[in-house]
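Given next are the chains, with one letter for each unit.
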Amino acid sequence: MKFIGITGGVGAGKSAVLDYMATKPGVRVMLADEIAHELMEPGTDCYEQIRQAFPEHDIYKEDGHFDRIKLAKVIFSDENKRAGMNGIVHPAVKAYVIAEAKRERQEGTLALLVLEAALLIEEHYDEICDELWYIYTREEIREARLMESRGYSREKVQQIFSSQLKEAEYRKHCSVVIDNNEGLEEMQRQIDAAVCAI
Ligand SMILES: CC(C)(COP(=O)(O)OP(=O)(O)OC[C@H]1O[C@@H](n2cnc3c(N)ncnc32)[C@H](O)[C@@H]1O)[C@@H](O)C(=O)NCCC(=O)NCCS
Ligand SMILES: Nc1ncnc2c1ncn2[C@@H]1O[C@H](COP(=O)(O)OP(=O)(O)OP(=O)(O)O)[C@@H](O)[C@H]1O
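Computed from a predicted model, the values in this text were never measured in an experiment. (Residues numbered from 1 in each chain as written. Chains lettered and ligands numbered in written order. Predicted model: local features only at pLDDT ≥ 70, side-chain atom pairs only at ≥ 80, totals over all residues. Heavy atoms only, no water.)

**Regarding the site of ligand 2**
Looking at ligand 2, there are 16 residues lining it, with K14, S15, R150, N180 and E182 nearest. The separation between an oxygen atom of ligand 2 and a polar main-chain atom of A16 is 2.9 Å. For ligand 2, the accessible surface in isolation is 630 Å², of which the surrounding protein chains cover 76%. Those elements giving two or more residues to the shell around ligand 2 turn out to be helix 1 (14-21) and helix 6 (139-150). Residues of the shell around ligand 2, tallied by class, amount to four nonpolar, seven polar and five charged. (Near = heavy atom within 4 Å. Polar contact = N/O pair within 3.5 Å; in protein donor to acceptor, adjacent residues only side chain to side chain. Areas by Shrake-Rupley, 256 points an atom, 1.4 Å probe, with all protein chains shown as cover. Helix = DSSP H or I, 4+ residues; strand = E, 2+ residues; numbered from the N terminus. Nonpolar A, V, L, I, M, F, W, Y, C, P; charged D, E, K, R; others polar.)

**Digging into the site of ligand 1**
As a matter of local geometry, ligand 1 sits amid 24 residues, with D33, R68, N86, H90 and K156 nearest to it. In this structure, a nitrogen atom belonging to ligand 1 sits 2.7 Å away from a side-chain N or O atom of D33. Residue Y152 places a side-chain N or O atom 3.2 Å away from an oxygen atom belonging to ligand 1. When ligand 1 sits alone it has 770 Å² of accessible area, and the protein chains cover 94% of it. For the shell around ligand 1, the secondary structure elements donating two or more residues are helix 2 (32-39), helix 4 (68-76), helix 5 (79-107) and helix 7 (154-163). In terms of residue count, the dominant contributor to the shell around ligand 1 is helix 4 (five residues). Among the residues making up the shell around ligand 1, the classes are represented as 14 nonpolar, five polar and five charged.

**Here we look at a negative patch on the surface**
A surface patch of like charges, here negative, comprises D33, E34, E38, E41, E62 and D63. By the secondary structure assignment, E62 is in the loop between helix 3 (45-53) and helix 4. (Patch = residues over 30% accessible without salt bridge, like charges linked within 9 Å, V, L, I, M, F, W, Y side chains within 5 Å. Salt bridge = Lys/Arg side-chain N within 4 Å of Asp/Glu carboxyl O. Lys, Arg positive; Asp, Glu negative; His and termini not counted. Charge placed at Lys NZ, Arg CZ, Asp CG, Glu CD.)

**As for the packing of aromatic side chains**
The full count for this structure, using the stated rule, is five aromatic pairs. Where Y60 meets F66, the ring centres are 5.7 Å apart and the plane angle is 25°; that geometry is what we call stacked. The structure contains a cluster of three or more aromatic residues connected by ring pairs, namely Y47, Y60 and F66. The positively charged end of R171 is found above the aromatic ring belonging to Y136, 4.7 Å away from the centroid. (Phe/Tyr/Trp six-rings, centres within 6.5 Å; stacked < 30°, edge-to-face > 60°. Lys NZ or Arg CZ within 6 Å of the ring centre and 35° of its normal.)

**Observations concerning the nonpolar core**
Core analysis: the biggest nonpolar cluster contains 35 residues, and F3, M40 and I50 have the highest contact counts within it. Breaking this core down by element, the ones donating at least two residues are helix 2, helix 3, helix 4, helix 5, strand 3 (112-116) and strand 4 (131-136). The contact partners of F3, leaving out residues within four places of it in the chain, are M30, V97, A101, R105, L113, L115, I128, C129, D130 and E131. Counting residues in each nonpolar core, the second largest holds 17 residues, with L112, I135, I178 and I191 among its members. (Core = buried A, V, L, I, M, F, W, Y, C linked by side-chain atoms within 4.5 Å. Buried < 20%, exposed > 50% of the residue type's maximum accessible area, 1.4 Å probe, protein only. Contact = heavy atoms within 4.5 Å.)

Read these as layout, nothing more, since geometry by itself doesn't imply function.
Here is the structure:
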């Protein structure tokens, strides 16, 4: 089994890449954001720690779950708060991922395990993954896609851009680059070639 980490900035198309890879036999995909959200459900250790770390903020929905819009405003506008939350959530996500990768390696039924995360490089997933792939899409295209598909404001997109790595840094750490500036078919053609080359 090979363990591939897929990264790139917000809106680069990582989920679109994973959706395509998930259609292939022998491939299991994992999304770090999804794992994080499960680990942040009310009643979990992460939930309690975040609650205690942000006592002065209303970051909740009526049912007690975190309100992602409110939480995003807090963590993307304050570097210290973002670091505080990362320090709670990311070690828990990484521990979960390491345990799943170990289990899959032992089980031996997969050809590829694929993990998608915006912060693979910052969180040193190169130490766990066999290869890192960078999904490259120009900022203006990502901004347009996110405003159109998710209704993000230009300000929100720019705030998230400035909290993430620059293109050169992603390229330095990744051995495969997928160019997702064009349509989905072109991206899928590059994925097929990269999978063949493993
Ligand atoms: C901050 C939250 C509430 C924002 O939710 P929202 O629905 O507005 O945005 P979404 O989840 O689609 O994330 C937008 C982009 O920001 C990235 N991102 C998420 N958290 C962070 C972070 N702490 N630092 C930098 N980028 C982040 C995402 O990967 C994605 O590229 C949400 O992302 C969250 O709960 N984050 C904590 C989980 C986490 O750390 N995920 C990254 C794991 S590698
Ligand atoms: N090649 C493409 N052509 C047109 N639209 C695309 C293409 N790739 C992705 N998109 C669209 O761009 C938007 C962002 O893509 P996606 O959600 O896959 O990005 P992401 O990198 O997973 O984002 P995040 O960092 O927030 O998880 C989505 O609406 C998606 O459908």
